[in-house]
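Breakdown of the fold
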Amino acid sequence: PYVDRVLVKKAERRLELHKDGDVVRAYPISLGDRPRGHKIQEGDERTPEGNYVLDWRNPQSAYHKSIHVSYPNELDRNVARALGVSPGGMIMIHGLPNWLSSPRLAEEYRNRDWTDGCIALGSDEEMDEVWRLVRDGTPITILP
């Protein structure tokens, strides 16, 4: 029942769950306020690009559940160090904010980039499905 890979296509605003090379689920997503390009430093509001692992989860998140992306990796830390900046961290796949109760406002969130660099699903039901299908340790690739 578990998927073996997660693929994010930033340009398409799409998160895919893969099993044995096949797409088994796909979801529209929202990204950071400045989605173009790879995350370089804390506060740049970019979503990282590259290969990472979904390594732990938080059921008590400020959003409807969250699964952590292992950013920054060693290369990310080395680049940030060379630039004299902090690479940031706490990049998550998550649902909508827990305080959001208005269906109209939720629809506005679904139709724009609004995170600080995270990958946001558009509904609690979608996040619940990803939560069930993705195990800790699942690789995630984030494409431009």
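Here the structure is shown first, and the text comes after it.
Bear in mind that the values here come from a model prediction, so they are computed numbers and not experimental data.

Turning our eyes to something else, we now look at the sheet that holds strand β5 (residues 66–69). On the basis of which strands lie adjacent, the closed barrel formed by eight strands has the order β1-β2-β3-β7-β6-β5-β4-β8 and mixed pairing. Pairwise comparison of adjacent strand axes, ignoring direction, gives a mean angle of 35° for this sheet. As judged from the five bridges shared by strand β4 (residues 50–58) and strand β8 (residues 138–143), these two strands associate in the antiparallel manner. Looking across to β8, one finds that Y52 is bridged to I140.

The subject of this paragraph is the environment of L31. Relative to the helices and strands, L31 is located in the loop between β3 (22–30) and β4. Residues L31 and C118, spaced 87 residues apart in sequence, show a C-alpha to C-alpha distance of 5.9 Å. In contact with L31, not counting residues within four places along its chain, are K10, R13, T47, D113, W114, T115, C118 and I119.

This next bit is on the nonpolar core. Ranked by internal contacts, the top residues of the largest apolar core, which has 24 residues, are L15, L17, V69, I93, I119 and I140. Broken down by secondary-structure element, the contributors of at least two residues to this core are β1 (5–9), β2 (14–19), β3, β4, β5, β7 (119–121), α3 (124–133) and β8. A total of four residues in this core trace back to one element, the largest contributor, which is α3. I119 has contacts with V8, L15, I29, S30, L31, T47, M92, I93, H94, I140 and I142, leaving out every residue within four places of it along the chain.

So, about the pairing of β4. Pairing geometry for β4 and β5, over four bridges, is antiparallel. Within β5, the residue paired with R57 across the bridge is I67.

Parameters and conventions
- Residues numbered from 1 in each chain as written.
- Predicted model: local features only at pLDDT ≥ 70, side-chain atom pairs only at ≥ 80, totals over all residues.
- Heavy atoms only, no water.
- Pairing = 2+ DSSP bridges.
- Helix = DSSP H or I, 4+ residues; strand = E, 2+ residues; numbered from the N terminus.
- Axes fitted to C-alpha atoms, helices over the stretch in contact; angles between N-to-C directions.
- Contact = heavy atoms within 4.5 Å.
- Core = buried A, V, L, I, M, F, W, Y, C linked by side-chain atoms within 4.5 Å.
- Buried < 20%, exposed > 50% of the residue type's maximum accessible area, 1.4 Å probe, protein only.

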